[in-house]
Amino acid sequence: MTQLKTPNFWIEHAKKIFFIFFAAITNAIALNNFLIPSNIYASGINGIAQLISGVLDNSSGIIIDTGILILVFNVPIALLGWFKVGRNFTLYSFMTSILISFFTILLPINPLTSDPMMNALFGGIISGTGIGFALKYGFSTGGMDIISMVLAKTTGRSIGTLTFAMNLLIVSSAGLLYGWEYALYTLVSIYVMTKMIDTVHTSHQKVTAMIVTNEPDALVKEIHGKLIRGITIIPAKGAYSKTDRSILMMVITRYEMYELEQAVREADASAFVNFMETNKVLGEFWSSDRQKESRLMK
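Parameters and conventions
- Every chain is numbered on its own, with residues counted from 1 as its sequence reads.
- Only residues with pLDDT of 70 or above have their local features reported here, since the model is predicted, and side-chain atom pairs are shown and tallied only from 80 upward, although totals for entire chains, interfaces and linings are computed over all residues.
- Values reported for side chains reflect all heavy atoms of the structure, with hydrogen atoms and water molecules removed beforehand.
- Throughout this description, the term nonpolar core refers to a set of buried Ala, Val, Leu, Ile, Met, Phe, Trp, Tyr and Cys residues connected via side-chain atoms within 4.5 Å.
- Each residue is assigned to one of three classes by its accessible area relative to the maximum for its type, calculated with a 1.4 Å probe on protein chains only: buried under 20%, partly exposed between the two thresholds, exposed over 50%.
- Each helix is a run of H or I in the DSSP string that is no shorter than four residues. Each strand is a run of E no shorter than two, and both are numbered from the N terminus.
- Here, two residues are considered to be in contact whenever any of their heavy atoms come within 4.5 Å of each other.
- Only Phe, Tyr and Trp rings take part, Trp by its six-membered ring, and two of them pair if their centres are within 6.5 Å. Stacked means planes under 30 degrees apart, edge-to-face means over 60, and tilted covers everything else.
- Pairing between two strands is assigned when DSSP locates at least 2 bridges connecting them.
- Salt bridges are defined by distance alone: a side-chain nitrogen of Lys or Arg within 4 Å of a carboxyl oxygen of Asp or Glu.
- Any pair of N or O atoms that falls within 3.5 Å is considered a polar contact. Within protein, one atom must be able to donate a hydrogen and the other to accept it, and sequence-neighbouring residues count only if both atoms are side-chain atoms.
- Structural elements are reduced to axes, namely lines fitted to C-alpha atoms, with helices fitted over the stretch in contact, and the angle between N-to-C directions of any two is expressed from 0 to 180 degrees.

A.B. asks: What is the right way to look at the nonpolar core in this model?
C.D. replies: The nonpolar side chains of a soluble globular protein tend to be buried with one another. Counting residues in hydrophobic clusters, the biggest one holds 23 residues, and the most contacted among them are L31 and F139. When contributions to this core are tallied by element, the ones reaching two or more residues are α1 (7-35), α3 (66-84), α4 (87-106) and α5 (116-136). Apart from residues no more than four positions distant in its own chain, L31 is found in contact with I36, P37, A42, N46, Q50, I70 and T104. Grouped together as the second largest cluster of nonpolar side chains are 18 residues, I77, V85, I131 and M166 included.

And the structure:
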C-alpha cells in the first residue's frame, strides 16, 4: 500500500510551488526591467544567456531571446544534476529555470529607469530575493549552482570559489564586449544580489546544526531518510528540568537546511535547533557520493 501524504507534506509542497513561481517571476522582472535594457549582466547561466544573445544580435543580426537560451542551457545541466547532485533538488531547480525562461519570454523588455546604477542595484535586489527564497526552500534557480556542486565534487574546490570564478568570467566578458563601465555595473549588481541572498538565506556554504531532542533515534532515522550526513550524538541534561536529552550535531551544506528542518518537524516537532555559521571544517567532510559508497560497503 502507498503511504498517505500528511497535511504538512501538502502544505510544504504548496510552499515550494509558490516560491518556484516567485523566484521565476522575480528573476524575469530583474532581467527584463533592469538588467537587459542597460547591458548589465546577471550571475550564472542567466548572465551567460544575456551575453550570448547580445553577441549574436550585434555580430550577425541573429535575435534569440535570452529566455530561450536560459532554457537551452539548463536542459543538459538538469540531466547532469539529476545523476550527480540529487533528484529532488534538481527537479525543483529545473522547474524554476523553465519558468524563468517562460516569464522572460512572456514579459516585455521595459526599462523603468535609464540610470545604470539604479538598474544594477534593483536588478540585484530583486533577483537576489528570488534566489534567496529558492535556497531557503531547498532548491535553486538552476544552472550555475548545479554546475558548481558537480565541479566541487570532482575538483575538491568549494562551491563559493567555483561560483565566484564563473561570475568573474561573466564580468570580464561584459567589460571586453561592451566596455569596462558595464563590467563595473555588473559587478555591483552581482554583489548586491549575493547580499540579498545572505539576508534571506545564509551566506555560508557549510552550517553546523545542534539539535536538542528527546527522540534521538527517531530523529536520526528521519534525517538519514532525507540526507546523507554523519551525526554525532552527545548526551545532555536540561538545566531546569533535569531531564536527560540528546544533542545531535551535524555539519551540512546550505542547500540541505530545508530538508533537515523538515526531518526535525516530522520526527520531533518540539526539538530545539540551532544553526551556526561554519567557516572551516577540518577532517573529512564527505561528499554525498562517498557517503553512498560507504553505505553500500556495510
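Additional details are given in the paragraphs that follow.
A.B. asks: Looking at this structure, I do not really get the packing of aromatic side chains. What am I missing?
C.D. replies: The relative placement of two aromatic rings is captured by the distance of their centres and the angle of their planes. One pass over the structure, following the stated rule, counts eleven aromatic pairs. Residues F19 and F22 carry aromatic rings whose centres are separated by 6.0 Å and whose planes lie at 80 degrees to one another, so their mutual orientation is edge-to-face. In this pair, F19 and F22 are both assigned in helix α1, three residues apart and thus about one turn of the helix distant. For F19, a relative accessible area of 13% translates into the label buried. Between Y92 and F139, the ring centres sit 6.2 Å apart and the planes meet at 40 degrees, which makes this aromatic pair tilted.

A.B. asks: I would appreciate a short explanation of the pairing of strand β2 (residues 232-237) in the present structure.
C.D. replies: A regular strand places its side chains on the two faces of the sheet in alternate fashion. With six bridges connecting them, β2 and strand β3 (residues 244-253) associate as antiparallel partners. Looking at β3, one finds that A236 is bridged to R245. Taking the residues between adjacent antiparallel strands as the criterion, β2 and β3 are bridged by six residues, where K242 takes a positive phi near 60 degrees.

A.B. asks: Hey, could you run me through the pattern of salt bridges in this one?
C.D. replies: Any two side chains of opposite charge can pair if their charged atoms end up close together. Overall, the coordinates contain two salt bridges when judged by the stated rule. Its salt-bridge partner being R229, residue E256 comes within 3.1 Å of it at the nearest N-O pair. Taken together, the residues E256 in the loop between β3 and α10 (257-267) and R229 in the loop between α9 (216-226) and β2 connect sequence positions 27 residues apart. Overall, the relative accessible area of 13% leaves E256 in the buried class. When its relative accessible area of 7% is taken as the criterion, R229 is described as buried.

A.B. asks: Honestly, the side chain of T96 in this entry has me stumped. Any pointers?
C.D. replies: On the secondary structure map, T96 appears in helix α4. Side-chain polar atoms of T96 contact the backbone oxygen of Y92, separated by 2.8 Å.

A.B. asks: Would you mind going over unusual backbone geometry with me for this structure?
C.D. replies: Leaving glycine aside, a negative phi is the common case for residues, and trans is the common case for peptide bonds. If you check the backbone angles, N39 has positive phi at about 55 degrees while not being a glycine. Here N39 shows up in the loop between α1 and α2 (44-60). Here K242, not a glycine, exhibits a phi torsion of approximately 60 degrees, which is positive. Here K242 shows up in the loop between β2 and β3. Classification of K242 by relative accessible area gives exposed; the value is 56%.

A.B. asks: Please clarify how the sheet that holds β3 should be interpreted in this entry.
C.D. replies: Picture the strands of a sheet paired through backbone hydrogen bonds; they go either parallel or antiparallel. Taken in spatial order, the four strands of this open sheet run β2-β3-β1-β4, and their pairing is antiparallel. Either end of the sheet is taken by a strand with one partner, and the two such strands are β2 and β4 (272-278). Averaged over all neighbouring strand pairs, the angle between strand axes comes to 25 degrees, with direction disregarded. Relative to the sheet, α9 contacts β1 (206-213), β2 and β3, its axis offset from that of β3 by approximately 15 degrees.

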